[in-house]
Amino acid sequence: MTDSPKTSPASASLHRLLLQAADAVQGVRDGRSLTELLARVPAELRPGTQALSFAVLRRLGSAQALRTRLAPKTPPPRVDGLLLCALALLWPEADGAAPMYADHTLVDQAVKAAKQRAPASAGFINAVLRRFLRERAALVAAAQHDPLGAYNHPAWWVEKLRQDWPAQWQAMLAANNLAPPMTLRVNARQLDADAYVARLAEQGMGARALGGVTPQGVLLDKPQPVQALPGFAQGWVSVQDAAAQLAAPLLLGAHAGLPALPAGARVLDACSAPGGKTAHLLELQDLDLTALDADAQRLARVQDTLARVGQRATLKAADARQTAAWWDGQPFDAILLDAPCSASGIVRRHPDVRWLRRADDITALARIQAELLDALWPTLKSGGRLVYATCSVFRAEGQAQLDAFLQRRPDARSLDVPGFTGHLLPLADNGATPRPSTLDGFFYALIHKT
């Protein structure tokens, strides 16, 4: 998901969007994915609902801390979701930017939504919101004394980051609460990044080529609907974060004494859905590529992605750990294992993740990652390479996972590739106007089978 352009009351009645966002936020609090919840929203309301839901989920901890002070007795869920949305949207912007909606407009529309949702609660919501506006400075200061209100992350998440990254944890939390940039990957078989930037300029869209270790990367000045991007339907370009664009060149390229993979190499993309990295591999090199995923429905998205960019692969729906069910016994030259993980590195793109995860999820996910590594290693030929990747900033899913694997496998050697391997951390700068990092949080390891 990417942040949608802001929707104003002129394009959709705000009270209708608030009702949809309230249901989405309450659904996340009940443990459901925001992606799933947004899919149920009427199409004409979905962009505006997504924009509001993203903004609210990035401030949900602050809103909860406020609501505890303003209404100690928790309202019914349908009312609570609406109240939390309004409080989050009334929270002052840290950088002094203009709010999404004027205070009076937001209060008026929240009360109108309450009259439709639960008429008896309209007066309560009106009183709470107006008190917050009268006492906003003092209430915000009080809410920020609560770690949940200050950081907008669960307490266990804050503590885990503090332990893993004692010098960076606060900047990482701050980065998670910023809207991310929109980054594109230009199809190398169609045109280069500079040429695509020129195409964007012709359409009045500002952008710059990233260059360096992401030669196909283009950073937009502001997010755009994919349908507005020149050549998107023709496969010229895909939406992909700069950190995710490192996987394909790390697997294919010449690094630390390993030669580049030759054309026609036999490659496995072990957890391929939704197909962005699969497509990138094939845009860079002609490969005998097998794309595997345990979820048949998600695997269909891989096929759609490949069709749009004009590439083909062998697709198989199977659990990568059950090699007897899908492997033909012929070893692979290279394997990309983009393993299931906490998604703790992409929270700014998926702000519901922090509220859906539980502390014991990390242990369970780390176990699955270890099982995948151990199961796939025998399918890799001697002299081959495996890229282990997670979109996580937790060490248990990154460096600690790699260290444990190397202890178990004496024929495995980790290669250091500057600019690619190790933990990539999303950090907010410390300027007066915080800006998000270009990169999502990721971990990469290049492992050579000796």
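Small disclaimer: the values here were computed from a predicted structure and weren't measured.

Rules of the game
- Along each chain, the written sequence defines residue order, and numbers are assigned to residues from 1.
- Per-residue local features are limited, in this predicted model, to residues with pLDDT of at least 70; the limit for side-chain atom pairs, both in listing and counting, is 80 or more; totals at the level of whole chains, interfaces and linings are taken over all residues.
- As a convention, hydrogens and water are excluded, and side-chain values are obtained from all of the structure's heavy atoms.
- Accessibility here uses a 1.4 Å probe with only protein chains present; expressed as a share of the type maximum, an area under 20% marks a residue as buried, one over 50% as exposed, and anything in between as partly exposed.
- Where helices and strands are cited, they refer to DSSP runs of H or I of at least four residues and of E of at least two residues respectively, numbered from the N terminus.
- The pairing criterion is simple: DSSP has to find at least two bridges between the two strands.
- Axis definition: a line fitted to C-alpha atoms, limited for helices to the stretch in contact. Angles are taken between N-to-C directions and run from 0 to 180 degrees.
- Throughout this description, the term salt bridge denotes a Lys or Arg side-chain nitrogen within 4 Å of a carboxyl oxygen of Asp or Glu.
- For classification, angles of less than 35 degrees are called roughly parallel, those exceeding 145 degrees roughly antiparallel, those between 65 and 115 degrees roughly perpendicular, and all remaining angles oblique.
- The handedness criterion is simple: a crossing whose near helix is rotated anticlockwise from the far helix by less than a right angle is left-handed, and one whose near helix is rotated clockwise is right-handed.
- It only takes one pair of heavy atoms within 4.5 Å for two residues to be counted as in contact.
- Each residue receives one of three labels: charged for Asp, Glu, Lys and Arg, nonpolar for Ala, Val, Leu, Ile, Met, Phe, Trp, Tyr, Cys and Pro, and polar for the others, Gly being one of them.
- Each pair of aromatic rings taken from Phe, Tyr and Trp, with Trp reduced to its six-membered ring, is defined by centres within 6.5 Å and is described as stacked if the planes are under 30 degrees apart, edge-to-face if over 60, and tilted in the remaining cases.
- In our convention, an over-ring charge means Lys NZ or Arg CZ found within 6 Å of a ring centre and within 35 degrees of that ring's normal.
- Whenever a nitrogen or oxygen atom comes within 3.5 Å of another N or O atom, the pair is scored as a polar contact, on the condition that within protein one atom can donate a hydrogen and the other can accept it, and that pairs from neighbouring residues in sequence are kept only if both atoms are in side chains.
- Directions drawn from the helix axis to the C-beta atoms are what define this arc.

Chemist: When you look at the pairing of strand β5 (residues 266-269) in this model, what are you seeing that I'm missing?
Modeler: Along any regular strand, the residues point their side chains to alternate faces of the sheet. Residues Arg266 and Leu268 of β5 are buried on one face, and the alternating residues Val267 and Asp269, pointing to the opposite face, are buried as well. In this structure, β5 lies alongside strand β6 (residues 288-293), joined through 4 bridges in parallel fashion. The residue bridging Leu268 from the neighbouring strand is Thr290, located in β6.

Chemist: Can you help me understand the sheet that holds strand β4 (residues 237-239) in this one?
Modeler: Paired through their backbone hydrogen bonds, the strands of a sheet run either parallel or antiparallel. Pairing is antiparallel across the open sheet formed by 4 strands, whose spatial order is β2-β3-β1-β4. On the outer flanks of this sheet lie β2 (207-211) and β4, each paired with one strand and no other. Going from strand to strand, the sheet's axes swing by 35° on average, the running direction of each strand aside. Across 3 bridges, strand β1 (residues 183-186) lies against β4 in antiparallel orientation.

Chemist: When you look at the pattern of salt bridges in this model, what are you seeing that I'm missing?
Modeler: Pairing of side chains with opposite charge becomes possible as their charged atoms draw close. Tallying each qualifying case throughout the model produces 22 salt bridges. The residue Asp241 makes a salt bridge to Arg349 at a minimum N-O spacing of 2.7 Å. Residue Asp241 is found in the loop between β4 and α13 (247-252), and its partner Arg349 is found in the loop between β8 (332-338) and α16 (353-356); the two are separated by 108 residues along the sequence. Both residues of the pair, Asp241 and Arg349, belong to the buried class. Lys277 is paired through a salt bridge with Asp338; the nearest N and O atoms lie 2.8 Å apart. Taken as a pair, Lys277 in helix α14 (residues 276-284) and Asp338 in strand β8 lie far apart in primary sequence, 61 residues in all. You'll find Lys277 and Asp338 in the same group, each marked buried. Beyond isolated ion pairs, a larger network of salt bridges with shared partners links Asp241, Arg348, Arg349 and Asp440.

Chemist: Could you clarify how one ought to interpret the packing of helix α1 (residues 14-29) against helix α6 (residues 103-117) in this entry?
Modeler: Helix packing for two helices is described by the angle between their axes and how far apart those axes are. Where α1 meets α6, the axes come as close as 8 Å, and the angle between the chain directions of the two elements is 65°. Between α1 and α6, the angle is such that the two are roughly perpendicular. The interaxial crossing formed by α1 with α6 has right-handed handedness. Counting all contacts with α1, which are made through Leu14, His15, Leu18, Leu19 and Asp23, the residues of α6 involved are Thr105, Leu106, Gln109, Ala110, Lys112, Ala113, Gln116 and Arg117. Broken down by class, the residue content of the contact of α1 with α6 amounts to 6 nonpolar, 4 polar and 3 charged.

Chemist: Would you mind showing me how to read the packing of aromatic side chains here?
Modeler: Remark: the centre distance and the inter-plane angle together describe each pair of aromatic rings, the angle taken between the planes. Going through the model one piece at a time under the given rule, you end up with 8 aromatic pairs. Centroid distance Trp156 to Trp157: 5.5 Å. Interplanar angle 50°. Geometry classified as tilted. For Trp157, a relative accessible area of 0% translates into the label buried. Of the aromatic side chains, those joined through ring pairs into one cluster are Trp156, Trp157 and Phe394. For Lys160, the ring lying beneath its charged end belongs to Phe394, and the centroid distance is 5.7 Å.

Chemist: Would you explain the side chain of Arg348 in this entry?
Modeler: You can see Arg348 is positioned in the loop between β8 and α16. Classification of Arg348 by relative accessible area gives buried; the value is 1%. Polar contacts involving the side chain of Arg348 include one to the side chain of Asp440, which spans 2.9 Å.

Chemist: Even after reading the chapter, I still don't get the environment of Ala320, so can you show me in this structure?
Modeler: When you line up the elements, Ala320 lands in the loop between β7 (314-317) and β8. For the pair Ala320 and Asp360, spaced 40 residues apart in sequence, the C-alpha to C-alpha distance is 23 Å. Ignoring any residue separated from it by four or fewer positions in sequence, one finds Ala320 in contact with Ala270, Leu292, Trp326, Leu372, Ala375 and Leu376.

Chemist: Any chance you could explain the packing of α14 against helix α15 (residues 296-309) here in plain terms?
Modeler: Here α14 crosses α15 at 30°, and the two axes come no closer than 9 Å. Between α14 and α15, the angle is such that the two are roughly parallel. Viewed along their axes, α14 and α15 form a crossing whose handedness is right-handed. In contact with Thr278, Ala279, Leu282 and Glu283 of α14, α15 contributes Val302, Thr305, Leu306 and Val309. Grouping the constituent residues of the contact of α14 with α15 by class yields 5 nonpolar, 2 polar and 1 charged.

Chemist: Explain helix α18 (residues 399-408) here, please?
Modeler: Quick reminder: α-helices carry 3.6 residues per turn. Residues three or four places apart thus point the same way. Every buried residue of α18 is listed here: Gln401, Leu402 and Phe405. For α18, the buried positions fall inside an angular range of 95° around the axis, keeping them on one side. Structurally, α18 contributes buried residues whose contacts are with α17 (359-376), β9 (380-390), β10 (412-415) and β12 (442-449).

Chemist: Help me understand unusual backbone geometry in this model?
Modeler: The phi angle of most residues is negative, glycine excepted, and most peptide bonds adopt the trans form. The residue after Ala273, namely Pro274, is reached through a cis peptide bond having omega 5°. Its location among the elements puts Pro274 in the loop between β5 and α14. Backbone geometry places Asn152, a non-glycine residue, at a positive phi of 55°. Inspection of the secondary structure puts Asn152 in the loop between α9 (147-151) and α10 (155-164). The phi angle at Ala343 is positive, at roughly 60°, despite the residue not being glycine. Relative to the helices and strands, Ala343 is located in the loop between β8 and α16. With a relative accessible area of 11%, Ala343 lands in the buried category.

Function-wise, these values are silent; they only describe arrangement.
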